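So you can see what is in the structure, the chains are spelled out below.
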Amino acid sequence: MKRIWKRVCVLGVMLGAIVASGFAQDVKTLPVPDERYKLDILLVVAHPDDEAAATAYLARAMDEGKRAGVVYGTRGSSGANDVGPEQAAALGDIRVIEARRALATLGIMNVWFVGGHDTASQDVLQSLSSWDHGKVLEEMVRLVRLTRPEVVLTFLPGTFIGEDHGDHQAAGVLATEAFDLAGDPLVFPEQVTGPMRRLEPYFDNLRAWQPKKIYYFPDASREDIFKGKGPTVSVTGISKTTKQPYWRMALEAFRAHETQAKAYIDSFSKMDEAALEKKAQENGWSQPQEFVLGKSLVGGSVTGDIFEGITPGAIPFARTNQAPAPAQPDVAQPDLGIELAGPWGFYAEFRRAHGLENLPHPEPPEIALQAGTTLVVPLWIRNQTGAAQEIALSVGLPAGWKVESGDGKVLVAAKQVAAARVEINLPMLADANKKKQEAQEVTVRGEVNGKTIGAVKLRVELRKKALPE
């Protein structure tokens with residue numbers, strides 16, 4: 001009996017093993033998102049060499065174990081070539097290589113170019129148009145979903161006195177839009193749809209991803225309005241891996257961009273260490289890097305560490321609550337009014353739509369333009385009354401500035417918002433030996449039957465050289 005019982009037990013164990021083995025073979029492990037491309041920080045910029053605005057911080061963050069990647073809006077195919085004769089698309093090919101080499105010195109291998117076109121102006125709307133806004137946004141959202149960053153870093157979207165490149169602004173606009181959209185499975189849903197058949201060529205099979213924080217760095221000359229709006233990060237610490245200061249690592253990376261700054265780059269190679277450190281200090285390489293907090297979905301303080309409050313794992317999609325439109329000032333006829341249009345009007349709506357009312361912006365709005373060129377003041381003229389209205393536009397200018405066109409009377413149909421513009425001839429610099437002169441104010445006022453319906457103001461700085469409006 002004992003022998004029979006033993007055999008039954010052995011057969012039972014063997015049968016159990018066979019069943020378990022068969023069951024295990026029937027279980028298929030499904031793939032998870034590719035961890036090779038999971039990032040802590042996604043830097044979004046416009047052109048090759050723009051990454052230098054944040055590479056010292058990236059070097060520090062990576063020294064602390066963070067993973068970083070970079071998205072470029074363009075290939076950098078415009079501008080001069082300081083090394084050879086190549087221009088246009090060929091120059092863009094070279095600058096892509098330079099950018100990859102620059103980032104490789106920091107250990108950053110995840111680099112993407114989303115196909116925008118260089119646009120030499122200060123108008124973000126022109127850049128968005130030439131980049132093919134919708135197409136590039138789709139790719140930006142795809143890359144956020146692919147890389148699943150905790151933090152997005154980018155240019156501050158706004159118009160300021162400074163270099164104020166429209167492409168830099170476009171990078172900030174698109175990064176913000178991707179931050180707010182990538183977590184929504186209803187946005188570009190084909191990206192977050194699984195395959196319907198083998199080797200599906202249409203659906204990306206990604207997952208919606210909500211980044212946790214977005215920070216900005218300004219492309220502006222003034223610093224006063226950005227103080228205390230985000231963390232200040234020292235870059236003078238010594239890297240554990242390279243034994244160099246983080247700022248020095250950023251400078252070494254920048255040396256790859258020879259087509260854009262060969263003479264400047266070569267000047268460092270001729271200096272001893274003391275002279276190099278002095279010049280780097282003068283040029284801002286070793287200065288603390290200052291960021292502006294756009295929004296945090298995980299709490300934390302405004303000026304605290306960039307990763308304060310961030311813990312591993314996904315967070316729910318956070319739909320942006322659009323702020324109410326600002327109340328209109330008291331005017332004689334509230335159904336009539338004039339507003340500043342163009343990039344300034346766009347940003348007023350952009351900040352409200354994306355919950356960025358905390359974002360610093362100048363009041364009155366501002367721009368720096370090349371002396372001797374033309375300033376265009378774009379306007380929306382609103383008539384919500386039941387009849388056509390004759391509106392008189394008058395312009396207040398500094399001495400020596402002259403209206404070329406756009407002032408006088410215009411007729412706006414009933415229940416319409418009409419576009420208009422005032423063009424102003426800018427004088428040459430009062431002192432030809434100076435690079436710029438103090439900003440001055442332009443005012444455009446609208447009146448109906450002698451009563452003011454609104455006014456717009458713009459601060460304009462004249463410079464010896466500036467990007468076109």
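Here is a short report on the structure shown in this document. (Residues numbered from 1 in each chain as written. Predicted model: local features only at pLDDT ≥ 70, side-chain atom pairs only at ≥ 80, totals over all residues. Heavy atoms only, no water.)

A short note on the nonpolar core
Grouped together as the largest cluster of nonpolar side chains are 82 residues, with contacts concentrated most on Tyr57, Leu153 and Trp285. Leu336, Leu426, Val442 and Ile453 belong to the second largest nonpolar core, which has 27 residues in total. (Core = buried A, V, L, I, M, F, W, Y, C linked by side-chain atoms within 4.5 Å. Buried < 20%, exposed > 50% of the residue type's maximum accessible area, 1.4 Å probe, protein only.)

As for the layout of surface pockets
Taken as a whole, the largest pocket encloses approximately 1,300 Å³ of empty space. Around the largest pocket sit 30 residues that line it, and Ala52, Ala53, Pro218, Asn283 and Gly284 are the ones nearest its centre. When its residues are assigned to classes, the lining of the largest pocket shows 15 nonpolar, 7 polar and 8 charged. (1 Å grid on protein atoms, 1.4 Å probe; cavity = no way out; pocket = protein on both sides within 12 Å on 5 of 7 lines; lining within 4 Å. Points joined across faces, edges and corners; volume = space filled by probe spheres on them. Nonpolar A, V, L, I, M, F, W, Y, C, P; charged D, E, K, R; others polar.)

Focus on the packing of aromatic side chains
Counted under the stated rule, the structure contains 11 aromatic pairs. Ring centres 5.5 Å apart and planes at 70° place the aromatic pair tyrosine 57 and phenylalanine 291 in the edge-to-face group. Here tyrosine 57, found in helix α2 (residues 55-63), pairs with phenylalanine 291, found in the loop between β7 (289-290) and β8 (292-296); they are 234 residues apart in sequence, far enough to count as distant. Residue classification places tyrosine 57 among the buried positions, given a relative accessible area of 6%. Relative accessible area serves as the criterion here: at 2%, phenylalanine 291 is assigned to the buried category. When the centroid spacing of 6.2 Å and the interplanar angle of 90° are considered together, the rings of tyrosine 347 and phenylalanine 350 count as edge-to-face. With tyrosine 347 and phenylalanine 350 both in helix α10 (residues 342-353) and 3 residues apart, this pair spans about one turn of that helix. (Phe/Tyr/Trp six-rings, centres within 6.5 Å; stacked < 30°, edge-to-face > 60°. Helix = DSSP H or I, 4+ residues; strand = E, 2+ residues; numbered from the N terminus.)

Focus on helix α4 (residues 124-131)
Among all positions of α4, only Val124, Ser127, Leu128 and Trp131 are buried. Taken end-on, α4 shows its buried residues confined to a sector of 100°, consistent with a single buried face. In this structure, the buried side of α4 is in contact with β2 (68-74), β3 (111-116), α5 (133-147), α6 (166-181) and α10. Sitting at the amino-terminal end of α4 is aspartate 123, which places a side-chain oxygen 2.9 Å from the backbone nitrogen of leucine 125. Aspartate 132 occupies a position one or two residues after α4 and carries a positive phi of about 65°. (Arc of directions from axis to C-beta. Contact = heavy atoms within 4.5 Å. Polar contact = N/O pair within 3.5 Å; in protein donor to acceptor, adjacent residues only side chain to side chain.)

Comments concerning the pairing of β2
A regular strand places its side chains so that they alternate between the two faces of the sheet. Counting buried residues along β2, 7 of its 7 residues qualify, which places the element largely inside the surrounding structure. In terms of strand pairing, strand β1 (residues 41-45) meets β2 through 5 bridges, oriented parallel. Bridge pairing in β2 places isoleucine 41 opposite alanine 68. Alignment of β2 against β3, held across 4 bridges, turns out to be parallel. When the sheet's bridge partners are listed, valine 70 is paired in β3 with valine 111. Assessed by its sense of winding, the connection that carries the chain from β2 through helix α3 (residues 88-104) to β3 is right-handed. (Pairing = 2+ DSSP bridges. Right-handed = clockwise from strand over helix to strand, strands pointing away.)

Some points on the sheet that holds strand β11 (residues 374-383)
If you trace the 4 strands from one edge of the open sheet to the other, you get β9-β11-β15-β13, paired in antiparallel fashion. Looking at which strands have only one partner, the edges of the open sheet turn out to be β9 (336-340) and β13 (402-405). Averaged over all pairs of adjacent strands, the angle between their axes in this sheet comes to 35°, without regard to strand direction. Inspection of the sheet shows β11 paired to strand β15 (residues 416-425) by 10 bridges, in the antiparallel sense. Opposite arginine 382, over in β15, you have valine 417 as the bridge partner. (Axes fitted to C-alpha atoms, helices over the stretch in contact; angles between N-to-C directions.)

Quick look at the environment of valine 395
Tracing the chain through its elements places valine 395 in strand β12 (residues 389-396). Valine 395 sits in the partly exposed class, given a relative accessible area of 22%. Valine 395 sits 230 residues away from histidine 165 along the chain, and the two C-alpha atoms are 27 Å apart. Ignoring sequence-local partners within four residues, the contact set of valine 395 consists of Val403, Asp407, Val422, Ile424, Val442, Thr443 and Val444.

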